[in-house]
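Below, each chain spelled out in residue letters.
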Amino acid sequence: MSKGIISKDEDYSQWFNDLVIKADLAEHSAVRGCMVIKPYGYSIWEKMQAVLDQMFKDTGHSNAYFPLFIPKSFFSKEASHVDGFAKECAVVTHYRLKNDGNGNIIVDEDAKLEEELIVRPTSETIIWNTYKGWIQSYRDLPLLINQWANVVRWEMRTRLFLRTTEFLWQEGHTAHATAEEAIAETEQMLHVYADFAENWLALPVIKGRKTANERFAGALDTYCIEALMQDGKALQAGTSHFLGQNFAKAFDVKFTSKEGKLDHVWATSWGVSTRLMGALVMAHSDDSGLVLPPKLAPIQVVIVPIFRSDEELAQISAVVDGLSKALKAKNIRVKYDNRDTQRPGFKFAEYELKGIPLRVAIGGRDLANGTAELARRDTKTKETVQQEGLVDHIEQLLEEIQKNIFQKALTFRNENTREANTYDEFKKMLDDTPGFISAHWDGTPETEQRIKEETKATIRCIPLDNKLEDGACILSGKPSTQRVLFARAY
RNA sequence: CGGGAUGUAGCGUAGCCCGGUAUCGCGCCAGCAUGGGGUGCUGGAGGUCGGAAGUUCGAAUCUUCUCAUCCCGACCA
């Protein structure tokens, strides 16, 4: 176990907290519920952004930027939307401070805003208000826009990366001529998210749809990807919403079709946030620290020299120099840590804590033998290999580590996905063997609500690839045609 | 917003019951040794004890008020 990190078996949530802080991803700020994302954590987020951004562009989307502030009146235009967010909005009421004469800075009551401004909890309203001016004809459609932004949701209780008052995310907002097109877009983006989660984060996810209860405020249908964390709790890793014509109607966005008919446009919105950082940490890491999938690791290979003298360091550096160049030529992100202020053992522990996938150690012995020591972060295994052919070997290993991390998470999820056929069985599983529970449900919000109240488990999703199967609801006993996925969730 | 707890150096803590100017560890700085898994020794720097008021010759310690944070619940895409 690493210094200062509690074992994840002892206290999972404390382990997560320790890890985020010790691995230097983020820290609590002076502002309640808001975190400072530190350079190392931010560099991982930047990699996520870069990959996702390219995926969005490859599917035809463009980036734009809309205001942080939204006039309060915009929120009242879509009834269910305001219901969903009203209780967690930060509101700007004044635009000036003044000195009260006693050396205190106070709000200048003379500077009250005519209309309060809401700090965006999400941008549908300001964006749809804007789209009204952009869309007149079917020729203007589809409109495919994404925004990278910060949003604020005044949550009662926060946790680093998983639920912070302010967080970073991207939100896509698209407009289409037909419902079919909008649904196709919603599904497409869900697949983009799933692809990203599985192939980059090495995080296996279940693609599915939310029940009416769990749907986004203002959506007709909410799709999601759900992941399982190592403590058996589920985490919603991304959502994609089919908004129907709700926002177009609320903001009066109409277009003239090819046939000359006037109609409201069809909308989608979709987003992932810095919560993915939390998912990344919770899904793969261990008591020694982070375990980063190579594709997202800011540093993929770290080289640590082991030396007794400046002369020896110079000799090692000469070898490392060639190795570094060859790795960089293959676009492998490599760092040579030749600090003489820290000892090798310290560096080993530090890079394990930070989740660097591969460590190469080269010392005097290796110079003599033409070898290097390779240590994998994911398996914590070490091997001594010839320097010759090392670059290719490292390249292969990185791919293997990426696969292995995914496979491990997938195996974990499979082992912790169970079927329950009675309510007693269901409750026992929740307490004894947390994870996804596949069970029959009668399809009513009342049943879902009661299960939630009694067990804290929610329906995470109705999986897209669900097979139809006759059964009886675990609570009501009423007939059901398919199983849905339950879990306690973050 | 209800229930519980905690605020002492950058971090983690002892001291508080029973008042006398703050303990230890990590980290930090310097030197020497060391160097294939968080190195050892020696020396050093660093504290308005969350804040305010009160009791007292004297308050980290007792009293009152206040602020903040954390945990449980409620709340929550």
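Residues numbered from 1 in each chain as written. Chains lettered and ligands numbered in written order. Predicted model: local features only at pLDDT ≥ 70, side-chain atom pairs only at ≥ 80, totals over all residues. Heavy atoms only, no water.

**Student:** Teacher, can you tell me more about the sheet that holds strand E27 (residues 483–487) here?
**Tutor:** Note: strands within a sheet are paired through backbone hydrogen bonds, in either parallel or antiparallel orientation. As summarised here, the arrangement of the 11 strands in space is E3-E9-E10-E16-E13-E12-E11-E24-E27-E23-E22, forming an open sheet in which the pairing is mixed. Looking at strand neighbours, the two that pair on one side only are strand E3 (62–63) and strand E22 (417–419), the edges of this open sheet. Direction of pairing for strand E10 (residues 166–176) relative to strand E16 (residues 266–273): antiparallel, over a ladder of eight bridges. Its bridge partner lying in E16, Thr-174 is registered against Thr-268. Packing of helix H2 (residues 39–58) onto the sheet brings it into contact with E3, strand E9 (143–152), E10 and E16, and relative to E9 it is tilted by some 160 degrees. Sitting on the sheet, helix H8 (residues 275–284) is in contact with strand E13 (234–244) and E16, with an inclination near 145 degrees to E13. (Pairing = 2+ DSSP bridges. Helix = DSSP H or I, 4+ residues; strand = E, 2+ residues; numbered from the N terminus. Contact = heavy atoms within 4.5 Å. Axes fitted to C-alpha atoms, helices over the stretch in contact; angles between N-to-C directions.)

**Student:** Looking at this structure, I do not really get empty space enclosed by the protein. What am I missing?
**Tutor:** If a probe the size of a water molecule is rolled over the atoms, the empty space left behind becomes visible. Counting across every chain of the model gives one cavity of 30 Å³ or more. As a volume, the largest cavity reaches approximately 50 Å³. Lining the largest cavity, in full, are His-28, Gly-33, Cys-34, Met-35, Thr-158, Arg-159, Leu-160 and Thr-164. A per-class count over the lining of the largest cavity returns three nonpolar, four polar and one charged. (1 Å grid on protein atoms, 1.4 Å probe; cavity = no way out; pocket = protein on both sides within 12 Å on 5 of 7 lines; lining within 4 Å. Points joined across faces, edges and corners; volume = space filled by probe spheres on them. Nonpolar A, V, L, I, M, F, W, Y, C, P; charged D, E, K, R; others polar.)

**Student:** What is the right way to look at the packing of aromatic side chains in this model?
**Tutor:** Any pair of aromatic rings gets described here by the distance separating the centres and the angle formed by the planes. What the rule picks out here adds up to 16 aromatic pairs. Arranged with centres 6.4 Å apart and planes meeting at 75 degrees, the rings of Phe-66 and Tyr-131 form a pair that is edge-to-face. Of the two residues, Phe-66 is situated in the loop between E3 and strand E4 (69–71) and Tyr-131 in helix H5 (residues 124–131); the sequence distance between them amounts to 65 residues. One exposure class covers both Phe-66 and Tyr-131, and it is buried. A centroid spacing of 6.4 Å and a plane angle of 65 degrees characterise the contact between Tyr-193 and Trp-270, whose relative ring orientation is edge-to-face. With Tyr-193 in helix H6 (residues 179–199) and Trp-270 in strand E16, this pair connects stretches of sequence that are 77 residues apart. The two residues Tyr-193 and Trp-270 agree in class, both being buried. (Phe/Tyr/Trp six-rings, centres within 6.5 Å; stacked < 30°, edge-to-face > 60°. Buried < 20%, exposed > 50% of the residue type's maximum accessible area, 1.4 Å probe, protein only.)

**Student:** Sorry if this is basic, but what is going on with the side chain of Thr-125 here?
**Tutor:** Relative to the assigned elements, Thr-125 resides in helix H5. Note on Thr-125: relative accessible area 0%, which makes it buried. When near neighbours in sequence (up to four residues on either side) are disregarded, Thr-125 contacts Ile-70, Phe-74, Phe-75, His-81, Phe-247 and Phe-251.

**Student:** Quick question: what am I supposed to make of the side chain of Thr-174 here?
**Tutor:** Turning to its location among the elements, Thr-174 is positioned in strand E10. Relative accessible area serves as the criterion here: at 0%, Thr-174 is assigned to the buried category. Polar contacts involving the side chain of Thr-174 include one to the side chain of Thr-268, which spans 2.5 Å. Residue contacts for Thr-174: discarding those within four places in its chain leaves His-61, Trp-128, Leu-143, Leu-144, Ile-145, Glu-185, Trp-266, Ala-267, Thr-268 and Trp-270. (Polar contact = N/O pair within 3.5 Å; in protein donor to acceptor, adjacent residues only side chain to side chain.)

**Student:** Is there a simple way to explain the packing of H2 against H6 in this structure?
**Tutor:** In the contact formed by H2 and H6, the axes pass within 11 Å of each other and the chain directions differ by 145 degrees. Note on packing geometry: the crossing formed by H2 with H6 is right-handed. Contacts between H2 and H6 involve Met-48, Val-51, Leu-52, Met-55 and Phe-56 on the former and, on the latter, Met-189, Val-192, Tyr-193, Asp-195 and Phe-196. Looking at the contact of H2 with H6 residue by residue, the classes come out as nine nonpolar, no polar and one charged. (Left-handed = near helix turned anticlockwise from the far one by under 90°.)

**Student:** Whenever I open this one, H5 confuses me. Can you help?
**Tutor:** Along an α-helix, residues three or four apart share an orientation, since each turn contains 3.6 residues. With six of eight residues buried, H5 lies mostly within the body of the structure. Buried within H5 we find Glu-124, Thr-125, Ile-126, Ile-127, Trp-128 and Tyr-131.

**Student:** Got a minute to help me understand the domain arrangement of chain A in this structure?
**Tutor:** It is common to give the size of an interface as the accessible area lost on bringing the parts into contact. Assigned domains within chain A: domain 1 (33–69 + 123–284), domain 2 (301–408) and domain 3 (417–487). Put simply, the middle of domain 2 and the middle of domain 3, counted by C-alpha atoms, are 48 Å apart. (Domains from an automatic or database assignment.)

**Student:** Is there a simple way to think about the nonpolar core in this case?
**Tutor:** A general feature of soluble globular proteins is that nonpolar side chains tend to end up buried together. Residues Leu-25, Met-48, Leu-201, Leu-203 and Met-229 are the most contacted members of the largest nonpolar core, which totals 60 residues. Counting residues per element, this core draws most heavily on H2, which supplies eight residues. If you count residues domain by domain, this core takes at least three from each of domain 1 (33–69 + 123–284) and domain 2 (301–408). Sequence-distant contacts of Leu-25, that is, excluding residues within four places in its chain, are made with Val-20, Val-36, Ile-37, Lys-38, Tyr-40, Gly-41, Ile-44, Phe-161, Val-281 and Leu-290. (Core = buried A, V, L, I, M, F, W, Y, C linked by side-chain atoms within 4.5 Å.)

**Student:** Explanation requested: the layout of surface pockets in the structure shown.
**Tutor:** Each pocket or cavity is described by its volume, and for the largest pocket that value is around 1400 Å³. Lining of the largest pocket is provided by 41 residues; of these, Arg-153, Arg-163, Gln-236, Arg-275 and Tyr-490 occupy positions nearest its centre. Listed by contribution, the elements that provide at least two residues to the lining of the largest pocket are helix H4 (79–85), E10, E13, E16, H8 and strand E24 (458–463). Its residues placed into classes, the lining of the largest pocket shows 13 nonpolar, 13 polar and 15 charged. Residues from two domains meet in the lining of the largest pocket; each of domain 1 (33–69 + 123–284) and domain 3 (417–487) gives at least three.

**Student:** I tried to follow the pattern of salt bridges on my own but got confused; where do I start?
**Tutor:** Here the idea is simple: oppositely charged side chains can pair when their charged atoms come close. A full pass over the atoms with the stated rule returns 26 salt bridges. Linking Glu-226 and Lys-210 is a salt bridge whose minimum nitrogen-to-oxygen distance equals 2.8 Å. Residue Glu-226 is found in strand E12 (residues 221–228), and its partner Lys-210 is found in the loop between strand E11 (206–209) and E12; the two are separated by 16 residues along the sequence. Note on Glu-226: relative accessible area 0%, which makes it buried. Since its relative accessible area comes to 3%, Lys-210 is described here as buried. (Salt bridge = Lys/Arg side-chain N within 4 Å of Asp/Glu carboxyl O.)

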